Amino acid sequence: MKSVLLDAFELDPFVRLVDFPNHVRASLSPEDFENLDSINWYMTTVKLDMETHPIMEQIPGAKPQTLRLWVKWMYISLISREVS
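Residues numbered from 1 in each chain as written. Predicted model: local features only at pLDDT ≥ 70, side-chain atom pairs only at ≥ 80, totals over all residues. Heavy atoms only, no water.

### Things to note about the overall build of the protein
Here is step 1: Within the protein, the secondary structure is distributed over five helices and three strands.
Here is step 2: Listing every helix and strand of the protein by position from the N terminus yields α-β-α-α-α-β-β-α.
Here is step 3: Considering the protein as a whole, with its 84 residues, one finds that 26% of them fall into the buried category.
Here is step 4: For the protein, the proportion of contacts with a sequence separation of at least 24, taken over those separated by at least 6, is 44%. (Helix = DSSP H or I, 4+ residues; strand = E, 2+ residues; numbered from the N terminus. Buried < 20%, exposed > 50% of the residue type's maximum accessible area, 1.4 Å probe, protein only. Contact = heavy atoms within 4.5 Å.)

Quick look at the structure:
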């Protein structure tokens, strides 16, 4: 599940929370669907875990709720400071 959520950032560095379920459903095999009772529950649990271990973070004040990869965002921020 973690890799599926990370894959969502390949196309866009900012992913709206409402777009995650569609991405997850498109990425999982039929066997995965059978093994998981509630995809939304697993997705939310993994997302929260990734937020507590700074892998992704919510963008403050963004509506609808939007997430970004923490490491990628911090790296971009540091480079832009060096250039300035």
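Next, the rest of the story.
### So, the pairing of strand 3 (residues 66-69)
Regular strands place their side chains on alternate faces of the sheet.
Here is step 1: Burial along strand 3 is two-sided: Thr66 and Arg68 and Leu67 and Leu69, pointing in opposite directions, are all buried.
Here is step 2: Two elements, strand 1 (residues 14-16) and strand 3, share three bridges in a ladder whose sense is antiparallel. If you follow arginine 16 over to strand 3, its bridge partner there is threonine 66. (Pairing = 2+ DSSP bridges.)

### With respect to helix 4 (residues 39-52)
Here is step 1: Helix length check: helix 4 (14 residues) gives 20 Å between terminal C-alpha atoms against 20 Å at 1.5 Å per residue, within 8%.
Here is step 2: Every buried residue of helix 4 is listed here: Ile39, Met43, Val46, Lys47 and Met50. Looking straight down helix 4, one finds that the buried residues subtend no more than 105° of arc, so they occupy a single side. For helix 4, the exposed residues set more than 90 degrees away from the buried face come down to Trp41 and Thr52.
Here is step 3: Looking at the packing, one finds that the buried side of helix 4 touches helix 1 (2-7), helix 2 (20-27), helix 3 (30-35), strand 2 (56-58) and strand 3. (Expected span 1.5 Å × (residues − 1). Arc of directions from axis to C-beta.)

### Re the packing of aromatic side chains
When we look at a pair of aromatic rings, we describe it by the centre distance and by the angle of the planes.
Here is step 1: Considering all chains together, one arrives at two aromatic pairs under this definition.
Here is step 2: Measuring from ring centre to ring centre gives 6.0 Å for phenylalanine 9 and phenylalanine 20, while their planes differ by 70°; the resulting arrangement is edge-to-face. Taken together, the positions of phenylalanine 9 in the loop between helix 1 and strand 1 and phenylalanine 20 in helix 2 put the pair eleven residues apart, joining distant regions of the chain. A single burial state applies to phenylalanine 9 and to phenylalanine 20, both of which are buried.
Here is step 3: Aromatic side chains tryptophan 41 and tyrosine 42 sit 5.0 Å apart centroid to centroid with 90° between the ring planes, which places their arrangement in the edge-to-face category.
Here is step 4: With relative accessibility at 52%, the residue tryptophan 41 sits in the exposed group. (Phe/Tyr/Trp six-rings, centres within 6.5 Å; stacked < 30°, edge-to-face > 60°.)

Functional significance is not addressed by these values, which are geometric in nature.
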